[in-house]
Amino acid sequence: MKLVEAKPKFPDTEKVTINLGLVDLAQMDLLVEEGFYTNRTDFVRMAIRNQLQLHGEAIRQTVTRKRYVMGMQRYAKAELEKTVAAGERLEIHVLGLASIDDDVTPELARQAIASIHVLGAFLASNAVKAALADRIQS
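Residues numbered from 1 in each chain as written. Predicted model: local features only at pLDDT ≥ 70, side-chain atom pairs only at ≥ 80, totals over all residues. Heavy atoms only, no water.

**Here we look at the layout of surface pockets**
- Roughly 1300 Å³ of internal volume is contained in the largest pocket.
- If you trace the largest pocket, you find 28 residues lining it, with Glu14, Val16, Arg45, Ile48 and Leu52 closest to the centre.
- Contributions of two or more residues to the lining of the largest pocket are made by helix 1 (22-33), helix 2 (40-54), strand 2 (90-100) and strand 3 (113-123).
- Ranked by residues supplied to the lining of the largest pocket, first place goes to helix 2 with nine residues.
- Partitioning the lining of the largest pocket into residue classes produces 17 nonpolar, four polar and seven charged. (1 Å grid on protein atoms, 1.4 Å probe; cavity = no way out; pocket = protein on both sides within 12 Å on 5 of 7 lines; lining within 4 Å. Points joined across faces, edges and corners; volume = space filled by probe spheres on them. Helix = DSSP H or I, 4+ residues; strand = E, 2+ residues; numbered from the N terminus. Nonpolar A, V, L, I, M, F, W, Y, C, P; charged D, E, K, R; others polar.)

Shown next as structure tokens:
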């Protein structure tokens, strides 16, 4: 029998709720009905992607200027321990998903992390989130 280590499942999508005017909604439904899009979600995703592409250069410049890591960034206990041992503290800037492993104690997180700014999702235990509450920028 081979034991397989279970890896945590990270969310790859986030639910967003919007309110639309009736005329906009009707026009969207017409395009779906005419086969331009498979459903409302498909329409909204495409509209968002088009806007992100339109503003792509501004996004790239801001990511560079504000030193964001783009995508998924995971912080493990060993990495945070090395940071503390080196007498350093992390300033976390993530555009996407930032996660702190479950075995990281609130005390270690406070010692290793100076600030957190995440645009997207931040996953950590409730205890670690509480310990870092004064360092999380929204």
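**Observations regarding the sheet that holds strand 1 (residues 69-75)**
- Strands sit in the order 1-2-3-4 across an open sheet of four strands; the sheet is parallel. Every other strand in the sheet has two partners, leaving strand 1 and strand 4 (136-137) as the edge strands with one partner each.
- Across the sheet, helix 4 (residues 77-85) touches strand 1, strand 2 and strand 3, and the angle it forms with strand 1 is around 90°. (Pairing = 2+ DSSP bridges. Contact = heavy atoms within 4.5 Å. Axes fitted to C-alpha atoms, helices over the stretch in contact; angles between N-to-C directions.)

**Focus on the confidence of the model for the protein chain**
- A residue-level look at the protein chain finds 92% of positions with pLDDT of 70 or above and a mean pLDDT of 92.
- The secondary-structure element of the protein chain with the lowest mean pLDDT is strand 1, recorded at 93, while helix 5 (residues 106-112) shows the highest, at 98. (pLDDT = per-residue confidence, 0-100.)

**What to know about the side chain of Thr83**
- Within the secondary structure layout, Thr83 lies in helix 4.
- We classify Thr83 as buried; its relative accessible area is 8%. (Buried < 20%, exposed > 50% of the residue type's maximum accessible area, 1.4 Å probe, protein only.)

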